[in-house]
Amino acid sequence: MRMLWVTLLVVLVDQLTKVLVVQTMYPGQSIPVIDDWLKLTYTENPGMAFGLSFGPPGTVAVLAIVATVLIAWYLYRIRDGYAPYRASLAVILGGALGNIIDRLFYGLLYGYAGFFHGRVVDFIHVDLWRGYLPEFIPFIGGAYVALFPIWNVADMAIVIGVVGLLLFQKEFHRRQQAAVAAASAPGQPVEQS
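J.: Would you take a moment to explain the packing of aromatic side chains for this structure?
T.: Here a ring pair, both rings aromatic, is described through the centre-centre distance and the interplanar angle of the planes. Taken as a whole, this structure holds six aromatic pairs when the rule is applied. Measuring from ring centre to ring centre gives 4.1 Å for Tyr-85 and Phe-172, while their planes differ by 10 degrees; the resulting arrangement is stacked. Taken together, the residues span a long stretch of sequence, with Tyr-85 in helix α3 (residues 83-109) and Phe-172 in helix α4 (residues 153-184) at a distance of 87 residues. A relative accessible area of 7% places Tyr-85 in the buried class. Measuring from ring centre to ring centre gives 4.8 Å for Phe-115 and Phe-116, while their planes differ by 85 degrees; the resulting arrangement is edge-to-face. Ring-pair connections join several aromatic residues into one group, and the members of that group are Tyr-74, Tyr-85 and Phe-172. Seen from the ring of Tyr-112, Arg-119 lies directly overhead, with NZ or CZ sitting 3.7 Å from the centre.

Shown next, in the form of structure tokens:
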């Protein structure tokens, strides 16, 4: 249950920053923070990461909901597992929920589309490189891109959570195996997180 506070904090910070951007900036506006390297640039993304989209409208929202439910279910299943690993999942869950709120409600809230057809508000612009990607690169080859794309707090939370999963998965699995071994050996204490 404690990990859901982490999820809630991510959702609240994400939504607060997005509302501030929508209320104080206009689409396309860019405000330099650190030269041209770090800017606040207000954009709206109707697709997935990097603006990729497929299927009829609402498909991305449905897939995001399914993935989020699976993450929540897995987090519940490992509720007694290694805390840093669970925290990483809670951060990912918060990021996913933050972007789902945009997709489900922002179209209605801001009057430009219906339920399930909202666009994700992005505004954190780290402009390290701009250039043309060769055709042989799958999915995005042959396009002019900026490295890194414009993103938001939810996107940052998802990236940080994935990094956390990679860092803590070995210890999580070691503890899980130790718990299984202890459970099969009578009289042995079970290792807790």
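J.: Help me understand the environment of Phe-123 in this model?
T.: You can see Phe-123 is positioned in strand β3 (residues 120-126). Each C-alpha atom of the pair Phe-123 and Leu-70 lies 28 Å from the other, and the pair is 53 residues apart in sequence. For Phe-123, the contacting residues outside a window of four places in its chain are Thr-17, Lys-18, Val-21, Lys-39, Leu-40, Thr-41, Ile-150, Trp-151, Asn-152 and Val-153.

J.: Honestly, the nonpolar core in this entry has me stumped. Any pointers?
T.: One recurring pattern in soluble globular proteins: nonpolar side chains tend to sit buried together. Ranked by size, the top nonpolar core spans twelve residues in total: Met-3, Ile-71, Leu-75, Ile-78, Tyr-82, Tyr-85, Leu-89, Ala-90, Ile-92, Leu-93, Leu-165 and Phe-172. Secondary-structure elements contributing two or more residues to this core are α2 (59-77), α3 and α4. Among the elements that take part in this core, α3 stands out by supplying five residues, more than any other. Beyond its immediate chain neighbours, meaning those up to four positions away, Ile-92 contacts Ile-71, Ala-157, Ile-158, Gly-161, Val-162 and Leu-165. Met-25, Tyr-42, Tyr-106 and Val-126 belong to the second largest nonpolar core, which has eleven residues in total.

J.: I'm lost on the packing of α3 against α4 in this one. Help?
T.: Each pair of packed helices can be summarised by the angle the axes make with each other and by the distance between the axes. Orientation of α3 relative to α4, taken along the N-to-C sense of each, is 160 degrees, at an axis distance of 7 Å. Taken as axis vectors, α3 and α4 run roughly antiparallel relative to one another. Here the hand of the crossing between α3 and α4 comes out left-handed. Where α3 abuts α4, its residues Pro-84, Tyr-85, Ser-88, Leu-89, Val-91, Ile-92, Gly-95, Ala-96, Gly-98 and Asn-99 lie against Ala-154, Asp-155, Ala-157, Ile-158, Gly-161, Val-162, Gly-164, Leu-165, Phe-168, Gln-169 and Phe-172.

J.: Looking at this structure, how should I read unusual backbone geometry?
T.: Trans is the common state for peptide bonds, and a negative phi is the common state for residues other than glycine. At Asp-35, a position not held by glycine, the phi torsion is positive, near 50 degrees. Looking at the secondary structure, you find Asp-35 in the loop between β1 (30-34) and β2 (38-45). According to the relative accessible area criterion, Asp-35 is exposed, its value standing at 66%. Positive phi, normally seen in glycine, also occurs at Phe-116, with a value near 80 degrees. Along the chain, Phe-116 turns up in the loop between α3 and β3.

J.: Honestly, the side chain of His-125 in this entry has me stumped. Any pointers?
T.: Structurally, His-125 can be placed in strand β3. His-125 sits in the buried class, given a relative accessible area of 7%. Engagement of the side chain of His-125 in a polar contact is seen with the side chain of Thr-41, the distance being 3.0 Å. The residues contacting His-125, other than those within four sequence positions of it, are Trp-37, Leu-38, Lys-39, Thr-41, Arg-130, Phe-148 and Ile-150.

J.: Explanation requested: the packing of helix α1 (residues 2-24) against α4 in the structure shown.
T.: The contact between α1 and α4 brings their axes to 8 Å, and the two run at 145 degrees. For the pair α1 and α4, the contacting residues are Val-10, Val-13, Asp-14, Thr-17 and Lys-18 in the first and Val-153, Ala-154 and Ala-157 in the second. Residue classes in the contact of α1 with α4 are distributed as five nonpolar, one polar and two charged.

How each quantity is defined
- Residues numbered from 1 in each chain as written.
- Predicted model: local features only at pLDDT ≥ 70, side-chain atom pairs only at ≥ 80, totals over all residues.
- Heavy atoms only, no water.
- Phe/Tyr/Trp six-rings, centres within 6.5 Å; stacked < 30°, edge-to-face > 60°.
- Helix = DSSP H or I, 4+ residues; strand = E, 2+ residues; numbered from the N terminus.
- Buried < 20%, exposed > 50% of the residue type's maximum accessible area, 1.4 Å probe, protein only.
- Lys NZ or Arg CZ within 6 Å of the ring centre and 35° of its normal.
- Contact = heavy atoms within 4.5 Å.
- Core = buried A, V, L, I, M, F, W, Y, C linked by side-chain atoms within 4.5 Å.
- Axes fitted to C-alpha atoms, helices over the stretch in contact; angles between N-to-C directions.
- Parallel < 35°, antiparallel > 145°, perpendicular 65-115°, else oblique.
- Left-handed = near helix turned anticlockwise from the far one by under 90°.
- Polar contact = N/O pair within 3.5 Å; in protein donor to acceptor, adjacent residues only side chain to side chain.
- Nonpolar A, V, L, I, M, F, W, Y, C, P; charged D, E, K, R; others polar.

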